[in-house]
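Structure assessment
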Amino acid sequence: MKLEIKNLTKTWGGLRAIDDVSLAFPSGSLSAVIGPNGAGKSTFFNLISGAFPASSGEVLLEGDNIIRLSKAERMHRGLGRAFQVASCFPTMTVMENLMAAVTAHVGQWGNIISRFPPPGVRERAEEVMELVGLTHAPDVEAAILSHGDQKLLDIAIALALEPKVLLLDEPTAGMGPEERWRMIERVRGLWEKRKLTLVFIEHDMDIVFQVASTIRVLCYGRVLAEGTPAEIRNNQAVIDAYLGTEEHPA
Amino acid sequence: MKGHPAWRDALFAAIALIVVLAIPLVHRSPAFEDFIIRLSAMALFATSLNLLVGNTGMVSFGHGMFYGFGAYAFGLTMQLTTLPLPVAAVLTVLATTLAAFCVGAICIRLSTDYFAFITLAFQMLLFSLILSWQSLTGGDQGLRGGIPRREIFGFELASQLHLYQFCAVVAVLGLLALRHITTSPFGQTLRMIRDNENRASFLGIVLWRARLWAFTIAGGFAGLGGVLAALFVSGAYPELADWPNSGQAIFAVMLGGINSFLGPVLGAAILLALNDIVSRVTEYHGLVLGLVILAAALGLRRGVLDFLKLALPGRAK
């Protein structure tokens, strides 16, 4: 499913956090969004997913403008997202988290008649759990999962909604070098298996250049550059604004 | 929530009910029977509040308004009409549910602190209304003249034993229904909202709708508790709808445990027992009660059942 952004703008008072951004993510692509801290990367994801309203512009999913839709309706149209700080249900086990997500997805969240989980939900939750590789901890409460597993669970919750387009806000945030690679390999595996249109925010340039097929660079809310890893690596504006500076976070 | 088939809850409820119903056959104790009657009302009241507090994370300070509303609505229906008692009870619960829906539609727009305040404000509104509408409610004297306890299926509710049996059955069925709701997909939705409402909304859950449902259902069950309270006192008094009564329910919930379904029932039992025992010894029972709650809060740092659940790991929820 193709994701297209047209003239997207978000102003906070006088600040233009996202300033006339137009980008296209072809169906089945694996793209990275990079840029210095405060460039507006997370805001960009929040606007696409509907966490808060845009000031102007359009977000097109397979040609349909979804900018007026609620975040829930966007999820139903096939847009999924995970969060920079892992966002799950801390007092529930991994399985309960996933079963709850599937239950919501199949429109059973208001069901007061049957028992939780409704028929068929457990199987689908197990499928997602195997897909992301959390089978070692089905009955562990999310609050006491390791950091990496919490990030995985967050992604798994997003996948439970069977998205076609998946936005991952720093899937490797807060991880050590080795764990980062393991995580990103899993993400790449998910992208292949589910034939997703996947967009991720990432600060580790080694990962970005190796994994992403196309890269978009945001700076001060604007698109600074877009292209293949080779093109971005040699782009003078990107080197000046980002790659060559001290702002490369750990 | 695994391993919680419906029949197990039903079996547990049936055993509890049989035990309670069997006790008077072995030994008659008016004090104990009074206690169970009052506990029936209080247990429904507190457990319905916990659907909001423990399950959904909505702390209502005004839940007593629906308890009081139920008591008055039932008392008035019985006094002003000749409807059979079960019909009047069902009508009362429906009316309270409707009232909760209307009040909830306004309250759930606000979050956390302000939600608590506005529920309290609504309760005070109802309380003032009861006090000032003398011609209907009897004002501060309460509904006088008693509630005609018309016979149902051979039950004569004027007899304490029959009232005891009636209240026990209604309370157990009511609690079983509440239990079913908390273990339904909707109950899980409420826990999702409590845990992480932002994530819940991204999963397609319409937060206001789920909260309004929860508020409405909780109000309806509090109204059922009010029906039992009205039967016990054979009337209705403004105190039933006053805010300290909401506080009692909050005490019961916190004392018993917000994360255990039966926590509020245990809390209500402890609270009522303390009241009875302490007020026999001293007139300062409020002081003793305060100290016990303080000791429980500081000592256990959670409700009694929640504490036991943690202290005895491996036990089912």
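Only a predicted model underlies this, so the values are computations on that prediction, with no experimental measurement involved.

Focus on the overall build of chain B
For chain B, the count of helices and strands is 13 helices and zero strands. When the helices and strands of chain B are read in sequence order from the N terminus, they spell out α-α-α-α-α-α-α-α-α-α-α-α-α. In terms of overall dimensions, chain B is globule-like: its C-alpha atoms have a radius of gyration of 19 Å, near the 20 Å expected for 317 residues. Each principal axis of the C-alpha atoms in chain B carries an extent, and together these give about 55 × 45 × 40 Å. A total of 317 residues make up chain B; the buried ones form 48% of that total. Taking as baseline every contact in chain B between residues at least 6 positions apart, the subset at least 24 positions apart corresponds to 78%.

Things to note about the overall build of chain A
Looking only at helices and strands, chain A features nine helices and 10 strands. A globule of 250 residues ought to have a C-alpha radius of gyration of about 18 Å, and chain A, at 18 Å, matches this closely. Buried positions account for 46% of the 250 residues belonging to chain A. Counting only contacts in chain A whose residues sit at least 6 apart along the sequence, the fraction spanning at least 24 positions is 65%.

As for the packing of helix α11 (residues 263–281) of chain B against helix α12 (residues 285–300) of chain B
Residues and elements named next belong to chain B. In the contact formed by α11 and α12, the axes pass within 9 Å of each other and the chain directions differ by 135°. By the angle between their directions, the pair α11 and α12 is classed as oblique. As α11 runs across α12, the sense of the crossing is right-handed. The segment α11 lies against α12, with L274, N275, V278 and S279 engaging H285, V288, L289 and V292. The residue makeup of the contact of α11 with α12, split by class, is five nonpolar, three polar and no charged.

Details of the packing of helix α2 (residues 30–56) of chain B against helix α9 (residues 207–233) of chain B
Residues and elements named next belong to chain B. It is at 7 Å that the axes of α2 and α9 come closest, and there the two elements cross at 170°. Between α2 and α9, the interaxial angle falls into the category roughly antiparallel. Taken together, the residues of α9 that come into contact with α2 (itself represented by I37, R38, S40, A41, M42, L44, F45, S48, L49, L51, L52 and T56) are R211, A214, F215, I217, A218, F221, A222, L224, G225, L228, A229 and F232. Grouping the amino acids of the contact of α2 with α9 by side-chain chemistry returns 18 nonpolar, four polar and two charged.

Structural notes on the interface of chain B and chain A
On the chain A side, the residues contacting the 22 residues of chain B number 28 residues. Top element by residues in the side of chain B that touches chain A is helix α8 (residues 185–202) of chain B. It accounts for 13 residues. Of the residues contributing to the side of chain B that touches chain A, the split by class is 10 nonpolar, nine polar and three charged.

Some words on the nonpolar core
The nonpolar side chains of soluble globular proteins are, as a tendency, buried together. Membership of the largest hydrophobic core comes to 172 residues, with the highest contact counts inside it found for L98, L153, A156 and A160 of chain A together with C167, A214 and A268 of chain B. When residues in this core are grouped by element, the largest group, 14 residues, is from α9 of chain B. Aside from chain neighbours lying at most four places away, what touches A268 of chain B is L39, M42, A43, A46 and A252 of chain B.

So, the sheet that holds strand β8 (residues 197–201) of chain A
Residue and element names in this part refer to chain A. What the six strands build is an open sheet, ordered β6-β7-β8-β3-β9-β10; its pairing is mixed. A strand with exactly one partner marks an edge of an open sheet, and here the two such strands are β6 (79–82) and β10 (222–227). Looking at each pair of strands side by side, their axes are set apart by 20° on average, direction ignored. For strand β3 (residues 30–34) and strand β9 (residues 214–219), the ladder comprises four bridges, and the chain directions are parallel. By the bridge assignment, A32 is partnered in β9 with I215. Set on the sheet, helix α5 (residues 147–160) makes contact with β6 and β7 (165–169); between it and β6 the angle comes to about 170°.

Here we look at unusual backbone geometry
Going from F116 of chain A to P117 of chain A, the amide bond is cis rather than trans, its omega being 0°. Its place among the elements puts P117 of chain A in the loop between α3 (94–105) and α4 (121–132).

Quick notes on the confidence of the model for chain A
Do not read the fine detail of predicted coordinates wherever pLDDT is low. For chain A, per-residue confidence averages 90 on the pLDDT scale, and residues scoring 70 or more make up 98% of the total. Model confidence for chain A, summarised as mean pLDDT per element, is weakest for helix α9 (residues 236–243) of chain A at 82 and strongest for α3 of chain A at 96.

Brief notes about the pairing of β9 of chain A
All names here are of chain A. Here five bridges tie β9 to β10, and the two strands are oriented antiparallel to one another. Counted as the bridge partner of I215 is G227 from β10. In sequence, β9 turns back onto β10 through a hairpin of two residues, with Y220 there showing a positive phi of about 50°.

Things to note about the sheet that holds strand β5 (residues 64–65) of chain A
Residue and element names in this part refer to chain A. In space, the four strands of this open sheet follow the order β2-β1-β4-β5, with antiparallel pairing throughout. With one partner strand each, in any of the chains shown, β2 (15–25) and β5 form the two edges of the open sheet. When strand β4 (residues 56–61) meets β5, the two strands line up antiparallel, connected through two bridges. Bridge pairing in β5 places L60 opposite N65. Helix-sheet contacts for helix α1 (residues 41–49) involve β1 (3–12), β2 and β4, and the interaxial angle to β2 is about 65°.

A few points about the environment of F69 of chain B
Residue and element names in this part refer to chain B. Take F69: it is sitting in helix α3 (residues 64–80). Overall, the presence of 26 C-beta atoms within 10 Å leaves F69 in the buried class. Linking F69 and N50, residues 19 residues apart in sequence, is a C-alpha distance of 19 Å. Excluding residues that lie within four positions of it along the chain, F69 makes contacts with T96, A99, L126, G223, G226 and A241.

About the cut-offs
Residues numbered from 1 in each chain as written. Chains lettered and ligands numbered in written order. Predicted model: local features only at pLDDT ≥ 70, side-chain atom pairs only at ≥ 80, totals over all residues. Helix = DSSP H or I, 4+ residues; strand = E, 2+ residues; numbered from the N terminus. Rg over C-alpha atoms; globule rule 2.2 N^0.38 Å. Buried ≥ 20, exposed ≤ 12 C-beta atoms within 10 Å, placed from the backbone. Contact = placed C-beta atoms within 7 Å. Axes fitted to C-alpha atoms, helices over the stretch in contact; angles between N-to-C directions. Parallel < 35°, antiparallel > 145°, perpendicular 65-115°, else oblique. Left-handed = near helix turned anticlockwise from the far one by under 90°. Nonpolar A, V, L, I, M, F, W, Y, C, P; charged D, E, K, R; others polar. Core = buried A, V, L, I, M, F, W, Y, C linked by C-beta atoms within 7 Å. Pairing = 2+ DSSP bridges. pLDDT = per-residue confidence, 0-100.

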